[in-house]
Amino acid sequence: VQLQASGGGLVQAGGSLRLSCAASGIIIRLDDMAWYRQGSGKQRDMVATITSGGSANYADSVEGRFTISRDNTKNTVYLQMNSLKPEDAVVYYCNARVITLGGRRDYWGHGTLVTVSS
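Structure report, in brief. (Residues numbered from 1 in each chain as written. Predicted model: local features only at pLDDT ≥ 70, side-chain atom pairs only at ≥ 80, totals over all residues. Heavy atoms only, no water.)

1. Focus: the side chain of arginine 37
Next, step 1: The topology assignment puts arginine 37 in strand 4 (residues 29-38).
Next, step 2: Side-chain polar atoms of arginine 37 contact the side chain of serine 61, separated by 3.3 Å.
Next, step 3: A polar side-chain atom of arginine 37 sits 2.9 Å from a polar atom in the side chain of aspartate 88.
Next, step 4: Apart from the residues within four sequence positions on either side, arginine 37 is in contact with Gln43, Arg44, Asp45, Val47, Ser61, Val62, Phe66, Asp88, Val90, Val91 and Tyr92. (Helix = DSSP H or I, 4+ residues; strand = E, 2+ residues; numbered from the N terminus. Polar contact = N/O pair within 3.5 Å; in protein donor to acceptor, adjacent residues only side chain to side chain. Contact = heavy atoms within 4.5 Å.)

2. As for the pattern of salt bridges
Next, step 1: Taken as a whole, this structure holds 4 salt bridges when the rule is applied.
Next, step 2: In this structure, the salt-bridge partner of arginine 97 is aspartate 106, at a minimum N-O distance of 2.8 Å.
Next, step 3: With a relative accessible area of 34%, arginine 97 lands in the partly exposed category.
Next, step 4: Residue aspartate 106 is classed as partly exposed on the basis of its relative accessible area, which comes to 32%. (Salt bridge = Lys/Arg side-chain N within 4 Å of Asp/Glu carboxyl O. Buried < 20%, exposed > 50% of the residue type's maximum accessible area, 1.4 Å probe, protein only.)

3. Observations concerning the pairing of strand 5 (residues 44-50)
Next, step 1: Both strand 4 and strand 5 contribute to a ladder of 6 bridges, which runs antiparallel. Within strand 5, the residue paired with tyrosine 36 across the bridge is methionine 46.
Next, step 2: In this structure, the hairpin formed by strand 4 and strand 5 is closed by a connection of 5 residues, where glycine 41 is found at a positive phi of approximately 75°.
Next, step 3: Here strand 5 runs beside strand 6 (residues 56-58); their pairing, made up of 3 bridges, is antiparallel. When the bridges of strand 6 are listed, threonine 49 appears paired with asparagine 57.
Next, step 4: Between strand 5 and strand 6, which pair antiparallel and follow one another directly, the connecting turn spans 5 residues, one of which, glycine 54, has a positive phi of 100°. (Pairing = 2+ DSSP bridges.)

4. So, the pairing of strand 4
Next, step 1: As paired strands, strand 4 and strand 9 (residues 91-100) are joined by 8 bridges and run antiparallel to one another. Residue pairing in the sheet places glutamine 38 in a bridge with valine 91 of strand 9.

5. Details of the sheet that holds strand 3 (residues 17-24)
Next, step 1: Pairing is antiparallel across the open sheet formed by 4 strands, whose spatial order is 1-3-8-7. Edge strands, defined here as strands with exactly one partner in the open sheet, are strand 1 (2-6) and strand 7 (66-71). Strand-to-strand, the axes of this sheet are offset by a mean angle of 15°, without reference to chain direction.
Next, step 2: Relative to strand 3, strand 1 is paired through 5 bridges, and the arrangement is antiparallel. (Axes fitted to C-alpha atoms, helices over the stretch in contact; angles between N-to-C directions.)

The structure is reproduced here in structure tokens:
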């Protein structure tokens, strides 16, 4: 199973970006999917999670500005980021809990960098 993330880039403060992360491989079922972020020298923190049924949960720091969604037909999770702030400028990672022929485990995508200019 692979998670392919895309959508990072440079944006001005107050602007918007949309991250995407598509899962591929032999997937029996995708359970929870999530976005995390990590600054240089810091721990990786949860940004938003979404269940297979579409229930979402957000970190306080992004509540009201970010929206997580998923398309189960495409095995893809999205993160719409609005009103971006300089402190949002870190590397973002997608995560998925996947049921495969070998059982259930978590997978991580490669990071995608978000840069916010003030």
